[in-house]
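Observations on the model geometry
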Amino acid sequence: MLDRPVPWRDAWERALYGDAGFFRTSRPGDHFRTSAHVGLFAEAVAELARRTSAATVVDVGAGGGELLTALDALLPGTELVGVELAGRPDGLPDRITWGPELPDRVEGVLIANEWLDNVPCPVVEVDDDGVVREVLVDPRTGRESLGEPYDSRWLGTWWPVAGPGRRAEDGQARDAAWADAVSRVHGTAIAIDYGHVRDDRPLFGSLRSYAGGREADVVPDGSRDVTAHVAVDAVAAACGGRLVRQRDALAVLGVDGSRPPIDRARSDPAGYLRALNRAGEAGELRARGGLGDFWWIIADTAGHGTLAT
Ligand SMILES: C[S@@+](CC[C@H](N)C(=O)[O-])C[C@H]1O[C@@H](n2cnc3c(N)ncnc32)[C@H](O)[C@@H]1O
């Protein structure tokens, strides 16, 4: 590990994806729960695939393959592809293709749940004289210092910062990564993530770390996740996409959080419990202040007109 301050983006890249990086040595599911770990989420993706007659579903940043494993049973005739820098998970159904590269061309659905927040970005801060500078970090301790003055067209357009101490993350690399993914798709491409739009950017940025199910000190040492909320309006503009909250997108796909009628508990106790469990999952996926607030950045490159809300 480097023992001198480096730009955040470099430290972040190494911390997550270097040889001993966080996502090389552990699976996301060991540390946090995402929509992909909730059964009904796969049902919604399967419904989208059916409505758009998708030949293929590609999961970018597929983590432990949870979504694809669930889709294996739900979409028997559909090609399933995991794009993931980490190795193939043990026990992944044989028919699921797995590798680190995006396919050149996708006929169908490409989905990326909580990928873009892990695409490293330059971090900037305004110094006491009002100059925007790149933030440097010591990867061993997380201790920060300010580096050279920093300017970019992306910041000027999407996240202008002014006032000592104000911070931002320059999302240009995320816009480019997602635009590249979308350019390969004939069908529907959806990036799903926590994020912000121009009117509600966080004043001091949103760099965070998580490990073992908890928020941790932000240190790019490979022992923990490093993430920052996504400037979703910038990503949408870069790919010609639309923004929809997860709760609304899932409602269109039939994810219903209503509880089963109590009478069913007597007439069909097992069915009642199953329905109650589904309602609980729907509630989790659509919750305000939780997963329901996530943004779906939807690019419909085949004119299906699906997910109109
Ligand atoms: C927060 S995890 C999300 C995993 C899963 N999608 C979920 O929702 O549980 C982000 C994943 O993206 C993967 N990843 C990051 N950059 C990638 C890239 N360029 N190509 C493929 N996978 C990538 C990481 O290795 C990590 O497993």
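Above: the structure in question.
Let me begin by describing the structure that accompanies this report. All residue numbers here refer to positions counted from 1 along the written sequence of the relevant chain. Owing to the predicted nature of the model, reporting of local features is limited to residues with pLDDT of at least 70; listing and counting of side-chain atom pairs is limited to 80 or more, with chain, interface and lining totals taken over all residues. Side-chain metrics rest on all non-hydrogen atoms present in the structure, leaving aside hydrogens and water.

Attention shifts here to unusual backbone geometry. The backbone of S53 shows a phi angle near 50 degrees, a positive value even though the residue is not glycine. The rule is simple: take the accessible area with a 1.4 Å probe, protein chains only, and divide by the maximum for that residue type; under 20% is buried, over 50% is exposed, in between is partly exposed. In this structure S53 comes out as exposed when scored by relative accessible area, which is 63%. At E114, a residue that is not glycine, the phi angle is positive and equals roughly 55 degrees. By the criteria applied, helices consist of DSSP H or I runs no shorter than four residues and strands consist of E runs no shorter than two, each listed in order from the N terminus. Here E114 lies in the loop between β5 (106-113) and β6 (123-126).

This part covers the pattern of salt bridges. Whenever Lys or Arg places a side-chain nitrogen within 4 Å of a carboxyl oxygen from Asp or Glu, that contact is recorded as a salt bridge. Under the defined criterion, the tally for this structure stands at 18 salt bridges. Between R264 and D268 there is a salt bridge, with its nearest N and O atoms 3.4 Å apart. Through salt bridges with shared partners, a single ionic network connects E47, R50 and R51.

Once that is clear, we can look at the packing of helix α3 (residues 39-51) against helix α10 (residues 269-286). Axes here mean lines fitted to C-alpha atoms, for a helix over just the part in contact, with angles spanning 0 to 180 degrees between N-to-C directions. Between α3 and α10, whose axes approach to 8 Å, the crossing angle comes to 80 degrees. Considering the angle they form, α3 stands roughly perpendicular to α10. Here G39, L40, F41 and E43 of α3 come into contact with α10, specifically with R278, E281, A282 and L285. Residue polarity follows a fixed list, in which Ala, Val, Leu, Ile, Met, Phe, Trp, Tyr, Cys and Pro are nonpolar, Asp, Glu, Lys and Arg are charged, and the others, Gly among them, are polar. Classifying every residue of the contact of α3 with α10 gives 4 nonpolar, 1 polar and 3 charged. Every angle not falling under 35 degrees, over 145, or within 65 to 115 is termed oblique; those three ranges are roughly parallel, roughly antiparallel and roughly perpendicular. The contact rule is simple, with two residues in contact once any of their heavy atoms fall within 4.5 Å.

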